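Chains, contacts and geometry: an overview
One-letter residues, chain by chain:
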Amino acid sequence: MYKKLPKNRYNKTLSLLKKVLPAPATVLDLGVRNPFSEIMEENGYTVFNTNGEDLDLIPDLVKNYKVDAVTSFEIFEHLLSPFTVLKAIECDKLITTVPLRLWFSTAYRSKTDMWDRHYHEFEDWQFDWLLEKTGWMIKERDKWTNPTNKIGIRPLLRKFTPRYYAVYAERKK
């Protein structure tokens, strides 16, 4: 999956997770098992992952788990309709990250892997609105950059332009 783990992104995500949902806790991590699933387990979390099912077609799959929180790290941008999955979550806590839309770069699309494509790349206000419309109240948020060690205009812009948006939200009562 990764040639080199995205250390900065993982450290920031883990820091937010520990702050809003201290271990031990049980989470449903949307998406297939991945290196961050293992990092969560190493830090005292019990992690269930979905198994690559198409959440656009079976959003109610998230109802099969009784957990303390649902996590979703770079998943919602791959869905045509994250609205239905967010509505279906019955858990009261959501910790999620999404890539932000970059004005100097088009949405990511792998030409060889149909699952490795971004249908959405959000602006922060769009993702906030999506969460609000699906019954979530944002309690905590953070953004960070994704600098690369390449030379050029885009790599320079990546040093200053936030690429990831992290949110902790609770279900509205």
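Structural data are supplied above this passage.
One structure accompanies this document, and this report is about it. This structure is a prediction, so every number in the text was calculated from the model and none was measured.

1. Quick word on the environment of lysine 63
Relative to the assigned elements, lysine 63 resides in the loop between β2 (45-49) and β3 (69-73). You can call lysine 63 partly exposed: its relative accessible area is 33%. With 57 residues separating them in the primary sequence, lysine 63 and proline 6 have C-alpha atoms 30 Å apart. Look past the residues within four positions of lysine 63 in its chain and what remains in contact with it is Ala88 and Glu90.

2. Regarding the packing of aromatic side chains
Overall, the coordinates contain eight aromatic pairs when judged by the stated rule. Seen in terms of ring centroids, phenylalanine 127 and tyrosine 165 are 6.4 Å apart; in terms of plane orientation they differ by 80°. Their pairing is edge-to-face. Taken together, the residues phenylalanine 127 in helix α4 (residues 124-133) and tyrosine 165 in strand β6 (residues 164-171) connect sequence positions 38 residues apart. Accessibility classification places phenylalanine 127 together with tyrosine 165 in one group, the buried group. Positioned over the ring face of tryptophan 136 is arginine 171, at 4.1 Å from the centre of the ring.

3. A short note on unusual backbone geometry
The omega angle of the peptide bond from alanine 23 to proline 24 is 0°, so this bond is cis rather than trans. Mapping proline 24 onto the fold places it in the loop between α1 (7-20) and β1 (25-29).

4. So, the pattern of salt bridges
By the definition in use, this model includes ten salt bridges. Among the ionic pairs, glutamate 140 bridges to lysine 19, the shortest N-O distance being 2.7 Å. Of this pair, glutamate 140 sits in strand β5 (residues 136-144) while lysine 19 sits in helix α1; the two residues are 121 residues apart in sequence, bridging distant segments of the chain. Glutamate 123 is the salt-bridge partner of arginine 101, the closest N and O atoms lying 3.9 Å from each other. Of the two residues, arginine 101 sits in the loop between β4 (93-99) and α4 while glutamate 123 sits in the loop between β4 and α4, which places them 22 residues apart along the sequence. On the accessibility criterion, glutamate 123 (32% relative accessible area) is partly exposed.

What counts, and at which threshold
Each chain has its residues counted from 1, following the order in which its sequence is written. Local features are withheld for residues below a pLDDT of 70 in this predicted model, meaning they are given only at 70 or higher, and side-chain atom pairs are given and counted only at 80 or more; totals for whole chains, interfaces and linings count all residues. To obtain the side-chain values, all non-hydrogen atoms of the structure were included, while hydrogens and water were left out. A run of H or I in DSSP counts as a helix once it spans at least four residues, and a run of E counts as a strand once it spans at least two, with each numbered from the N terminus. Throughout this description, buried means an accessible area under 20% of the type-specific maximum (1.4 Å probe, protein chains only), exposed means over 50%, and partly exposed covers the range between. Pairs of residues are marked as contacts when any of their non-hydrogen atoms sit within 4.5 Å. Only Phe, Tyr and Trp rings are paired, with Trp represented by its six-membered ring, and only when their centres lie within 6.5 Å; those with planes under 30 degrees apart are stacked, over 60 edge-to-face, the remainder tilted. A ring is considered to have a charge above it if a Lys NZ or an Arg CZ atom is located within 6 Å of its centre and within 35 degrees of its normal. Any carboxyl oxygen of Asp or Glu within 4 Å of a side-chain nitrogen of Lys or Arg constitutes a salt bridge here.

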